[in-house]
Amino acid sequence: MTPRPAAITRALTATTAVLGLLLTAACSSSEPPVPPTSASDVPPATAPPSDALDAYYSQQLAWSPCNGSDECADLRVPLDYAKPDPATDLTIKVLRVPAKDQGSRIGSLVVNPGGPGASGMNYAAAADGIVGTQVRRYFDVVGFDPRGVGQSEPLDCLSDSQLDDFMSTDQTPDDGAEEQALLTQARTLAAGCEAKNPTLLPHLSTADSAKDMDVLRAALGDGQLNYLGKSYGTFLGSTYAGLFPKRVGRFVLDGVVPPDLTNAELSEGQARGFELATRTYVADCIAQGDCPLGSSVDEGMAWIRDFLADVDRTPIPTGDPSAPRLGEAWASWGLGQAMYDQSSWSALTDALREAEAGNGARLMAFANDYAGRQSGGGYTSNIMEVLPAVNCLDRPDSPDLETYQNYAKIFAEEAPTWGETLAWGGLTCGVWPARSGSGPQKISAEGSAPIVVVGTTRDPATIYEWSKRLDDQLSNSVLVSYDGDGHTAYRRSNDCIDNAIDAYYVQGRVPADGLTC
C-alpha cells in the first residue's frame, strides 16, 4: 500500500464532543472574508529565487475554457532547476475553478490529492466537494498535474499487460523462487521507466514538484501560496514550506506523510495502520450482523488471512476476461482500497462473501480503483508507474533481499495480516536506476505563517502519529485531530473539522492547537 488520493465526494456527518470549539471555529456566511496579509519581508509575487529563473517566474498563464465553466492553462517549468534550459522545458497542465464571488475573491487555493501520481486537475475539478461552501465562494480552486503525472509530461514505463503482470506478482513471497519473481518484476518496471523516460526520470522528485508549485504561485499572481494537501500532498506541501517558508500562506496538510520517513518506517507504519483499520472494519461487520467473517475480531482477522492464503494458492475468476484472476496481490489491493473510507465497508463485506463463493468480481473492482485500472482492461491513469518513480527518488532503498525478509518477520509481529505485504514495498526502490535529492529529511519551515496539520486517529495509510511527528518538527504549526476512521479528515469527517478549516481559509482564524473532533 502507499498513500493514496483522498476521498473527494462526501463529508460524513457525526456528533462532536467539542461543541464549544465547533461554535467558535465556525465560519458564518454573513462574515466577510479576510484576505491574507503578506509579511513585510516577503518579496513581490514574481520575484524568482535566482536570476536564471526569471523567465519562468514572470510568465503569465493563458487561460482557456475547459470542462464547461472551468479554465485550463499551460505552465512552463525547467526540467532541471540547477541548469534551466528552455530547450528541455516541461509543460505543467493547470486547471482553475473560479471563485463563485469574484468581487470578493481572496485569491487562489492550490490543491493536491496525493499519490504521488494522482491528478490535481481532476481533484480541483471536483471543487464543490473537496472544499467548504465559503472557501468555494472566495477562492479560485487550482489544481495541477505534477510533472510525470496525468497530462503533464506523463511517465510511461510498461504496457498495460506488463503492468497487470507487475500488479499480479505475489507481495508475500513464500520461497526463493517467489522472491526472485518479485525482484524480476521490480527490475522490469525500473528498466521500462529508464528506457522510455531517460531524461525525465531523474527529475521527478517531490522537491522538483515543490519548485514547480512556486512557479505556479507566481504565475497566479499570489505573493504567498494558499494550499490544501492531502496524503502525499502533505509531503509535497511540507517540502514546499521548507524551500519557501516566507511564501507559505494559509496551509492545510491533512493525512500526513512526514518528509523524514524512510521506506522502512513508511512500510512499518502503514502495516500497523492497515491492521488497525481492518480490525475496526471487522468489528463493524460483526456489529452489523450476519458477518461472513465470524463472531469475533480475532476470528475475522484469521478469516481474512486464510482467504488471502487460499487465493494465493488458487486465484479465482473475476468475470472479466481481460483481467488477471484474483490472486493474493489483487485481493490485497482491493481489501486495502476499502480501508480508505468506512463508507465502503458494507460493499467490502458483500465482495468478500462473493469471493469466498468463488466470484472475485466485486473485490477486483476495489483493486481496479486502487490501481487506476478500468474494467475491461487498460489503465485510466499512470499512478502505479509514478508512485515508484517519485518515491524512489525521495527514499532510495536496499537491493538486498535479506533486508526485506527481515522486515517481513519484524512487521508481522505487530501486523500479522498486513506486515509481510507491506514489508516488501521498498524493493523496487532498491533497484531503481535514477538517483537525485537528499533523501529523507526533517523540515521545520522556520519563518512560515501558521500551518494547520490534520490527523485522523485510525487512518490506515497515514497513521496518526505521523501528523504528530510533522507538527513537532514544524516551527509554526497547530495540530487538529479527527477521532475516527478512514483516510484524511477535511470534507469527509464532521462539521467540527470542516468548520475549523473553512474559518482558517476564509477568516484567517488559526484553529486552537490540539483541537480534537
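In this text, all values refer to a predicted model and were calculated from it rather than measured experimentally.

Draft legend 1. Focus on the state of the cysteines. Under the definition given, this model contains five disulfides. Two residues, Cys-66 and Cys-72, share a disulfide whose sulfurs are 2.0 Å apart. Here Cys-66 and Cys-72 share a disulfide; its torsion about the S-S bond, 80°, makes the bridge right-handed. Each member of the pair, Cys-66 together with Cys-72, is buried. Disulfide pairing is shown between Cys-157 and Cys-193; the S-S distance is 2.0 Å. Since a negative S-S torsion denotes a left-handed disulfide, the Cys-157-Cys-193 link at about 100° is right-handed. Linking Cys-157 in the loop between strand 5 (139-144) and helix 6 (160-168) with Cys-193 in helix 7 (residues 176-196), this pair joins segments that are 36 residues apart in sequence.

Draft legend 2. Structural view of the pairing of strand 9 (residues 477-485). The buried fraction of strand 9 amounts to eight of the nine residues, a majority that puts the element mostly inside the structure. The pairing of strand 8 (residues 451-458) with strand 9 spans seven bridges and is classified as parallel. When the bridges of strand 9 are listed, Thr-456 appears paired with Tyr-482. Where the polypeptide runs from strand 8 across helix 19 (residues 464-473) and back to strand 9, its parallel neighbour, the crossover connection is right-handed.

Draft legend 3. Quick peek at the confidence of the model for the chain. The predicted model of the chain averages 93 in pLDDT, with 94% of residues at 70 or higher. Taken as a whole, residues 6-25 scores under 50 in pLDDT and shows 41 contacts with residues more than four places along the chain or in a different chain.

Draft legend 4. Region of interest: helix 20 (residues 495-507). The terminal C-alpha atoms of helix 20 lie 17 Å apart, and with 13 residues this matches the ideal 18 Å at 1.5 Å per residue to within 8%. Across the 13 residues of helix 20, eleven count as buried, placing the element largely inside the fold. Taken as a whole, helix 20 has its buried residues at Cys-496, Ile-497, Asp-498, Ala-500, Ile-501, Asp-502, Ala-503, Tyr-504, Tyr-505, Val-506 and Gln-507. If you check the start of helix 20, you find a side-chain oxygen 3.2 Å away from the backbone N of Cys-496, and it comes from Asn-494. Backbone geometry just downstream of helix 20 places Gly-508 in the positive-phi region, at approximately 80°.

Draft legend 5. Examining the side chain of Glu-179 more closely. Tracing the sequence through the fold places Glu-179 in helix 7. Lys-409 provides the closest opposite charge to the buried, salt-bridge-free Glu-179, at an N-O distance of 8.8 Å. Non-local contacts of Glu-179, meaning those with residues more than four positions away in its chain, are made with Pro-173, Leu-401, Gln-405 and Trp-424.

Draft legend 6. Region of the structure containing helix 8 (residues 206-220). Taking 1.5 Å as the rise per residue, helix 8 with 15 residues should run 21 Å; its terminal C-alpha atoms sit 21 Å apart, in good agreement. The element helix 8 is extensively covered by neighbouring structure, given that 13 of its 15 residues are classed as buried. Following helix 8 by one or two positions, Gly-221 adopts a phi angle in the positive range, close to 85°.

Draft legend 7. Representation of the sheet that holds strand 2 (residues 70-77) within the structure. Taking strand neighbours across the sheet as the criterion, the nine strands line up as 1-2-3-5-4-6-7-8-9 in an open arrangement whose pairing is mixed. Each having just a single partner strand, strand 1 (64-66) and strand 9 make up the two edges of the open sheet. Here the strands of the sheet are splayed against their neighbours by 25° on average, with no regard to which way each runs. In terms of strand pairing, strand 4 (residues 107-112) meets strand 5 through five bridges, oriented parallel.

Draft legend 8. Here's a closer look at the packing of helix 11 (residues 297-313) against helix 12 (residues 328-338). Contact geometry for helix 11 and helix 12: axes closest at 8 Å, N-to-C directions at 145°. Of the residues in helix 12, those in contact with Ile-304, Phe-307, Leu-308, Val-311 and Asp-312 of helix 11 are Glu-328, Ala-331, Ser-332 and Leu-335. Classifying every residue of the contact of helix 11 with helix 12 gives six nonpolar, one polar and two charged.

Draft legend 9. How the structure looks around the pattern of salt bridges. The final tally for this structure, using the stated rule, is 27 salt bridges. Here Asp-74 ties to Lys-93 by a salt bridge, and the two come within 2.9 Å at their closest N and O atoms. Linking Asp-74 in strand 2 with Lys-93 in strand 3 (residues 90-97), this pair joins segments that are 19 residues apart in sequence. A relative accessible area of 24% places Lys-93 in the partly exposed class. Of the charged contacts in the structure, one is a salt bridge between Arg-279 and Asp-298, with a shortest N-O distance of 3.0 Å. Taken together, the residues Arg-279 in helix 10 (residues 263-288) and Asp-298 in helix 11 connect sequence positions 19 residues apart. Judged by relative accessible area, which is 33%, Arg-279 ranks as partly exposed. Put simply, Asp-290, Asp-350, Arg-353, Glu-354 and Arg-362 are held in one network by salt bridges that share partners.

What counts, and where the lines are drawn
- Residues numbered from 1 in each chain as written.
- Predicted model: local features only at pLDDT ≥ 70, side-chain atom pairs only at ≥ 80, totals over all residues.
- Heavy atoms only, no water.
- Disulfide = S-S within 2.5 Å.
- Buried < 20%, exposed > 50% of the residue type's maximum accessible area, 1.4 Å probe, protein only.
- Helix = DSSP H or I, 4+ residues; strand = E, 2+ residues; numbered from the N terminus.
- Pairing = 2+ DSSP bridges.
- Right-handed = clockwise from strand over helix to strand, strands pointing away.
- pLDDT = per-residue confidence, 0-100.
- Contact = heavy atoms within 4.5 Å.
- Expected span 1.5 Å × (residues − 1).
- Polar contact = N/O pair within 3.5 Å; in protein donor to acceptor, adjacent residues only side chain to side chain.
- Lys, Arg positive; Asp, Glu negative; His and termini not counted.
- Salt bridge = Lys/Arg side-chain N within 4 Å of Asp/Glu carboxyl O.
- Axes fitted to C-alpha atoms, helices over the stretch in contact; angles between N-to-C directions.
- Nonpolar A, V, L, I, M, F, W, Y, C, P; charged D, E, K, R; others polar.

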